[in-house]
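# Notes for the structure review
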Amino acid sequence: MTRDAAARAAELRALLDHHNYRYYVLDDPEISDAEYDRLFAELVQLERERPDLATPDSPTQRVGARPSTAFAPVVHGQPMLSLGNVFSEQELADFDRRVRERLGHDHVVYVAEPKLDGLAVNLRYENGVLMHAATRGDGMTGEDVTANVRTIRVCPLRLRTPTPPRILEVRGEVYLPRDGFLRLNESQIAQGAKPFANPRNAAAGSLRQLDPAVSARRPLRLFCYAAGEWLGGEPPPGTQEALLTVLADLGLPVNPERRVVVGYEGCLRYYEDLGRRRAHLAYEIDGVVYKVNDVREQQILGELSRSPRWAVAHKFPAEEAVTQVVRIDVQVGRTGALTPVAVLAPVAVGGVTVSHATLHNPDELARKDVRVGDFVGVRRAGDVIPEIVGVVFDRRPAGTVPFAFPDHCPVCGSPVVRDKGVIARCAGGLICQAQRRQTIRHFASRRAMDIVGLGDKLVEQLVESGTVETVADLYRLKPSDLTRLERMGEKSATKVITAIAASRQTTLPRFLYALGIPEVGEATALALARHFAKLEALMAADEEQLTEVADVGPIVAHAIATFFSEPHNRQVIAALRAAGVQWPALEKPAGGALSGKTVVLTGTLEGMTRDEARAALEGLGAKVATSVSARTDYVVAGRDPGSKAARAQELGVPIVGEDELRAWLDGRRSDFGDR
Ligand code: 5U1
């Protein structure tokens, strides 16, 4: 049980980190908000029961995700907090009870407001003039979106007062009203562009346009709900209610639905009333926010690391409907992942017609036992892809049969393998049409064959025009094959061909990584190369022999063996070698190159996770420690390295970057001389 809880906590942290990144940094979520909230709540609960499991880097301990680097970073004057959630009357009652207990009285006044599903921003006014606008980012540092926020008509560029504070930070939510979202998606479709999945994504995408002229054409709106740094001018008001009035008086848009309510009962009445009117609002909301009105009481209540104790979001339940499954399709994604998708009799859910719902993966499909002909509950939580909640078993028609998940890829016929998680993947990576673009992009990427100039657009054109079918075809390209394509001059074409030619000379770990074998990242590629030394030996290894490699378990071994047993993959590998792709012979290492050395990892590595880096270093014989001391031989510092790098500097411990780490792992550098 103890180990199970620890393993589950680690799994939840990794999952939440991943989905946080998809949601906040890429604006491209893979799961619904409701699903995310469930995972988050599970981790909070686990850490509450077992405080020893809470690590400093747990997603529960921080304010948000890392900002993307596409826009300049801006440090907020005061951190931007996020809100904790409650999902039931009981949880709301518990929140209110905690507030009353901490304040020592029972007459708590709250301000209630709709919770918009948009993008939080910080507006910085200096002497009344809008100087900076930034996204929330990780709560401390966001991205500069000033130029784009300036295009939002409702956002005042100057505050309406002759005596503004010297500095005033205003927090609010940028959103797209429903009608604006529909118009935007119509125009996306008309232009052949992908429609946005939901208003939140559309707002985020619009705000993060590099060209503000594009943002300006998007009907973005804003509601303000809080202040951050406040210096000079009139002192900040003593209540949330008065603050919102002051913000409105300054010309900032404030939600007219805000109300002062008393106690738990007042909150609940507001929640129920707004829930009834929700569909008629001009914008999508996913809940209600309550804030303790009195600012002094807010100060008494204080904050947890992630969110204030004086405010909470009360989420609406996800919207659901019942419909019938017409068919179950299995789609093959760009990474070869097979996703079962239920094709449904169209049904209106939360104001949108739904005709497809994801079943995520074969396990989920089997667990829910969804069959063609079944009546199913479908949920749209104001979010991405609708999902099937479950089968209405008492309406199951006679004669239905369990869905048989294909064991061969519906696109290329290659075998399907299961990865370490729950994903089913096509093993025909080098030939499957569904994966072609992704496979070639991966093959050419910097950490793989490093073919400079072979970017997305070019790969797309090469694949669409049928010029390149497999990665081996790259080595047959002539400049004239490229100059035929759009926006390809003679000079660029020659550059790309030269880069392709240069990539023939590579290393075995890079080559293995470049093949895109399911489950084989850089660290595993390195371990395989070191263990087998020769490609032929690796290709001939059975699953048992593969599991002898450090960090290769049965699932990874199965994925590797299946990949190499696919005749098509072997043909492409043979064609690559015939085209002259080669690498220096590797000696089978007796001991590791870092034998007896102690290495500490710090900061964020771009190309591999901490665990992968640790496994790879251990594969080289190193001991990976967590803190820096005089006995540390090297500190490997990624992005934002923090105090460990500073400590290393103090102690004179050599600090190496990710490129050097990679060179060690590749075997390109062995000058890990003694300190
Ligand atoms: N309406 C509203 N949305 N919202 C979001 N109020 C509100 N307050 C928030 C957030 C993140 O944070 C407070 C802690 C200022």
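To be clear, the structure that these remarks concern was listed above.
A few points on the structure. Sequence order as written defines the numbering, with residues in each chain counted from 1. Note on the predicted model: pLDDT of at least 70 is required for a residue's local features to be given, and 80 or more for side-chain atom pairs to be given and counted; whole-chain, interface and lining totals, by contrast, use all residues. Working from all heavy atoms in the structure, the side-chain values ignore hydrogens and water.

### Re the overall build of the protein
- Looking only at helices and strands, one finds 24 helices and 22 strands in the protein.
- A compact globule built from 675 residues should have a C-alpha radius of gyration of about 26 Å, and the protein, at 28 Å, falls within 12% of that.
- For the protein, buried positions account for 51% of its 675 residues.
- Looking at the protein alone, contacts between residues at least 24 apart form 67% of all its contacts between residues at least 6 apart.
- Computed by Shrake-Rupley with a 1.4 Å probe, the accessible areas treat only the displayed protein chains as cover when residues are assessed. Surface accessibility of the protein: about 31600 Å² in total, with carbon and sulfur atoms responsible for 51%.
- Of the side-chain charges in the protein, 84 are positive and 88 negative, and the distance between the mean point of each set is 3 Å. Counting from the N terminus, the helices are the DSSP runs of H or I reaching at least four residues and the strands are the DSSP runs of E reaching at least two. Here the globule rule reads 2.2 Å times residues to the power 0.38, and the radius of gyration is calculated from C-alpha atoms. Type-normalised accessible area, obtained with a 1.4 Å probe on protein chains alone, sets the label of each residue: buried when under 20%, exposed when over 50%, and partly exposed for intermediate values. We call two residues in contact when some of their heavy atoms are within 4.5 Å. Residues scored as positive are Lys and Arg, those scored as negative are Asp and Glu, and His as well as the terminal groups of each chain are ignored. The atoms used to mark charge sites are NZ of Lys, CZ of Arg, CG of Asp and CD of Glu.

### Structural notes on the site of the ligand
- Around the ligand, a shell composed of Leu81, Leu83, Glu113, Pro114, Tyr225, Ala226, Val289, Lys291 and Pro308 is seen.
- Pairs of N or O atoms are called polar contacts if they sit within 3.5 Å, as long as, within protein, a hydrogen donor faces a hydrogen acceptor (for residues adjacent in sequence, only side-chain-to-side-chain pairs). Between the ligand and the protein, one listed contact pairs a nitrogen atom with a backbone N or O atom of Pro114 at 3.2 Å.
- At 2.9 Å, a side-chain N or O of Lys291 approaches a nitrogen atom of the ligand.
- For the ligand, the protein covers 89% of the area, taking 380 Å² as the surface of the free molecule.
- Of all the elements in the fold, those that place two or more residues in the shell around the ligand are strand 3 (109-116), strand 8 (221-231) and strand 10 (285-292).
- By the convention adopted, Pro, Cys, Tyr, Trp, Phe, Met, Ile, Leu, Val and Ala count as nonpolar, Lys, Arg, Asp and Glu as charged, and the other residues, Gly among them, as polar. Taken together, the residues of the shell around the ligand sort by class into seven nonpolar, no polar and two charged. The rule for a residue being near a molecule or strand is that one of its heavy atoms must lie within 4 Å of it.

### Some points on the environment of Arg277
- Position of Arg277 relative to the elements: it lies in helix 9 (residues 263-277).
- Overall, the relative accessible area of 28% leaves Arg277 in the partly exposed class.
- Along the sequence, Arg277 and Val391 sit 114 residues apart, while their C-alpha atoms lie 29 Å from each other.

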